[in-house]
Each structure stands twice: as structure tokens, then as C-alpha cells.
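Descriptive analysis of the structure
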Protein chains: 2
Amino acid sequence: MDKINTSRHISGKFNDELDAVRTQVMNMGGLVEQQLRDSLLAIENSDHDLAEQILQRDYKINALEVQIDEACVQIIAKRQPAASDLRLIIAIFKTIADLERMGDEAERIARVALESFNNDQQQFLVSLENLGQQVLAMLRGVLDAFARMDLDAAYEVHQMDAQADRQYEGLTRQLMTYMMEDPRGIPKVMNVLWSARSLERIGDRCQNIAEYIIFFVKGKDVRHVSPESMARTVGRSAPEADPKD
Amino acid sequence: MDKINTSRHISGKFNDELDAVRTQVMNMGGLVEQQLRDSLLAIENSDHDLAEQILQRDYKINALEVQIDEACVQIIAKRQPAASDLRLIIAIFKTIADLERMGDEAERIARVALESFNNDQQQFLVSLENLGQQVLAMLRGVLDAFARMDLDAAYEVHQMDAQADRQYEGLTRQLMTYMMEDPRGIPKVMNVLWSARSLERIGDRCQNIAEYIIFFVKGKDVRHVSPESMARTVGRSAPEADPKD
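Residues numbered from 1 in each chain as written. Chains lettered and ligands numbered in written order. Predicted model: local features only at pLDDT ≥ 70, side-chain atom pairs only at ≥ 80, totals over all residues. Heavy atoms only, no water.

**Here's the deal with the UniProt feature "domain: PhoU" (unreviewed entry) in chain A**
All names here are of chain A. Using the following cut-off: UniProt positions are given in the numbering used here, feature names are shortened, and annotations may be inferred rather than shown by experiment. In this description a helix means any DSSP run of H or I spanning at least four residues, a strand means any run of E spanning at least two, and both kinds are numbered starting from the N terminus.
When the UniProt feature table is mapped to this numbering, "domain: PhoU" (unreviewed entry) covers residues 26-112 and 129-213. Along residues 26-112, the helical share is 93% and the strand share 0%, with 27 Å between the first and last C-alpha atoms. Span residues 129-213 is 93% helix and 0% strand, its end C-alpha atoms 28 Å apart.

See the structure below:
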């Protein structure tokens, strides 16, 4: 991880503390990525054991959230950070809240993988594949952007969410058609729909984290701003309007 | 609102700043409550105009989130708060993030209200009523607890979520039965299901805010702890096990 603050502090100990917290965030992100990847694998391979492991591992993510939160409070109280150090701490507070909720969504997907075995509707689960891979790529991208506090990489992830939304909408339509064709299968298909929703929400949360990175780097809050304003903030030309939007 | 910090600061200006931020949080909470109440009314009365108003008002909640966030960052940078002042700021950061997302859920419910008019399935929307009222009571309760930083009131709201979860599960089962009986109605019933999910999530977020209040008052992070540990923290006897859980 780049030592983004090293040059600026007289106190080497402060640098060490900030680096330690950032490393913990990356560890937490790595765990969430593993949970998401494994939940997709559990569905793809009907892997009951893997799904169980996912459920058993979620507590680690929760514990890291609490630890990192405490570490950030300690740093604020002891070091009285200002300017970009303070923005880093704020970005970390928000990032870990989103990571923890993503872990919960991965757990929900794993539960669906468990429930939906022993039936002939495995093909519905497989239809989650494309959306799942898109969202996994977003998560990897945003964790990478966070590690380097890379504005461009964060913006790329932010833009990827439109594709995830389109995949989600297509999948939803397809699953509703299945339900109308075979009403007996509705409870199973509903489970797949909930999983699709979980994936879509994970994509949204990756987008949130991208916004926190932009906030840290540029000192500007880009939540709730127009695509044009967002593009200006990161020094890009405005995205072309999507004819589907 | 009680002046919970007044007695402890030499700087009267610091007190004023903290009070101003808390007032803003209460204003934001009031807006979210209005959005939720109106979205339930829009569904109950097929009120198209009201649903449109809800969509147009969401930006106010987003703007307040950004303003309060900035005010908190300013206070940390200028006042270097410690102990309970710092916990208050942290609790506010987290609370407004949940309030903003609740506003988004209310907006989703309003959109469903718009889509589902002009059809004969109004009775499905009405079945959201009980869950909606429970969640609205939770939101009112937790905002009231926040205004007074009242541990007992926060704990009461936290306990109310089990009832909301039961109502949500019952409603989901009922709606799935409707879908299986009349597959042509599936798209409409799905909209109601998404609204039910939104309400259930609002309940979860009220529970989150209750946890931040407990964190502020007791200085203990009660996310992810057992019901027994939570009860001990707030000085209650452990809740009886719910036979349905």
C-alpha cells in the first residue's frame, strides 16, 4: 500500500497508526471479497459446505468493523487530525460501514444457495453469474482504488454501476417471466430474485466507496451530484447520456 | 431538545455548534418521517400527487446529509472533541447515513404507489399497512430517543424490530400465495413485495440508530452483540427467547 501520508507528519507514530488502520480496512475488504466470491461459487457449484463456511465467517467482518471504528475514534481523540488526515478517517468510517453491509449481503446469497439445493431449478441460480461477476469486478476495483487512493480507478468503478443496474433489470424481467410460466416454482425463483437484489446493492455500495475515495482525494463531497459535476470533479469530460436511462 | 452537553464546556460556542448540529439531525429525521408517512398515505389513498411530491422532496434529505457531514468535520477539526463529545459526533455521522438511506426507501415506496395505480390490485398495497405502521412507530420512537439521548427509549425501539420482521415474513408468505394463485398479477405483487422489503429495511435502520444512541450514552459498541449482552449494557434483564426465532 502506498504510504500516502508519510511525508507530512512529524510524528512517525501517527503515520504508523494511519497505515495500520488502512491495512485493517484492506484486510476487511479482502474478507468481504472472499465472501462474495465464495457465495457466487457456492451457487454455481451447488457447494453446500462452502455456503456453510460463508455463514460461519461473517462474524470476522463484523469484528473488524468494530475494531477499525475504535481505532479511528482513538486516532481522532489522540492525534486531532485535520485536513486530509481527517478526511481519510472519515472516508474509512464510511467505507467500513458499507463493507460490513456487503458482507451481510454475501451471507444472504449464501443462505439462498443453501435453500435452493435439491431442486431442478439450478438454472435460475446460474443466471446470477453475469451480474455476480460484474459486481465482483467492481468490488475488486474499488478495493484496489482504496489501497492507492486512486481517483481515476475510483471513477471507473463508479461508472461500472450503470452496467450492473442494466444486468439486474434484465435478470429481474427474465425471472418474472419464469414465475408467470411456472407458478409452482415461485418460491425458488423469489430466492434468486433476492440474491440478484443483494448483488445490485453490493454494486451500489462499491459506488459509495468510490465516492468516499473521491471525497478524500479532492476534498469534495460527490454524493448526490450530477454525472457532469462528478466528471468535472475527477477531471474527466462528462459521460455521454445513456439512451437507456 | 435537552442540552445534553451544556454543563461541560468552557466554550459556549462549542455548545452552540453541537446543539445546532443536533437540531439539524432532528430536522433531517423529521423530513424522513414525513416522507415515510406520506409514502404510506400515498399507497393507502392511491394519492398520485402525494407520491410525486415525495419524489420531489428527496433532494432536501440528501442536502441535509451533506451539510451535517460537513458541520461534523468542521467541529472535529476546530474543536478537537474527546470522550462523549466525540462519541456524539460519531453517532451523528452514522445516524445521518441511515436516515438518508431511509429516505431512499421511502422514495422507492412512493414509486411503487405511482406504478400500481389504475389496477384492481389495490388490496395488495393495503396489506402493507400493518408493517408500515410498525416501522413508522419505530422511526418516531428512535427520533424521540435521539432527541433526548434516551437509553431506555432506544432499547425499546431496538426490541420492536422483531415484530416488524414477523410482520414482514407473514406478508411475504401471503404475497407469494397471491402470485401462485394468479400468475398474471405477478409484476404488480412484486412491486408490493419490494415495498415490504423497503419497510423491513427501514426497521433495520431504526435499530441501527438505536445502537448508535446506546453507543453514545454507554460508550459501548453494541452492534453484533448477543441480546443478553445488549440487555446488560442498558441495564435490563435479558429478553425471553422468542419461540418463533
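The structure having been displayed, the exposition proceeds.
**Points about the interface of chain A and chain B**
Note the following rule: What makes two residues a contact is simply this: any of their non-hydrogen atoms within 4.5 Å. Here the quantity called buried area is the accessible surface, traced with a 1.4 Å probe, that two parts lose on coming together, added over both. What makes a salt bridge here is a side-chain nitrogen of Lys or Arg within 4 Å of a carboxyl oxygen of Asp or Glu, nothing more. For this analysis, a polar contact is any N or O atom pair within 3.5 Å, provided that within protein one partner can donate a hydrogen and the other can accept it, and provided that sequence-adjacent residues contribute only side-chain to side-chain pairs.
On the side of chain B, 36 residues touch chain A, which itself brings 36 residues to the contact. Interface area for chain A against chain B, summed over the two sides, is near 3,400 Å², with a carbon-plus-sulfur share of 62%. Per-residue buried area on chain A facing chain B is highest for M180, W194 and H224 of chain A; these three make up 17% of the total on that side. If you look at where chain A meets chain B, you find eight salt bridges. In this assembly, chain A and chain B are joined by eight residue pairs in polar contact (both at pLDDT 80 or more). The set of elements that each furnish at least two residues to the side of chain A that touches chain B consists of α2 (48-79), α3 (83-115), α6 (151-181) and α7 (186-218) of chain A. Of the residues forming the side of chain A that touches chain B, the biggest block, ten residues, is contributed by α7 of chain A.

**A closer look at the environment of I213 of chain B**
Residue and element names in this part refer to chain B. Locating I213 in the fold gives a position in helix α7 (residues 186-218). Measuring from C-alpha to C-alpha, the distance between I213 and M190 comes to 35 Å, with 23 residues separating the pair along the chain. I213 has contacts with V142, A145, F146, M149, D150 and A154, leaving out every residue within four places of it along the chain.

**So, the nonpolar core**
Looking at soluble globular proteins, one finds that nonpolar side chains tend to be buried together. Here is the rule: Definition of nonpolar core: a set of buried residues of the types Ala, Val, Leu, Ile, Met, Phe, Trp, Tyr and Cys, connected through side-chain atoms within 4.5 Å. Note on classification: 1.4 Å probe, protein chains only; a residue is buried when its accessible area is under 20% of the maximum for its type, exposed when over 50%, partly exposed between these limits.
Of all hydrophobic cores here, the largest spans 163 residues; its most connected members are M190 of chain A together with M190 of chain B. Excluding its chain neighbours within four sequence positions, the residues that come into contact with M190 of chain A are M179 of chain A together with M176, M179, M190 and L193 of chain B.

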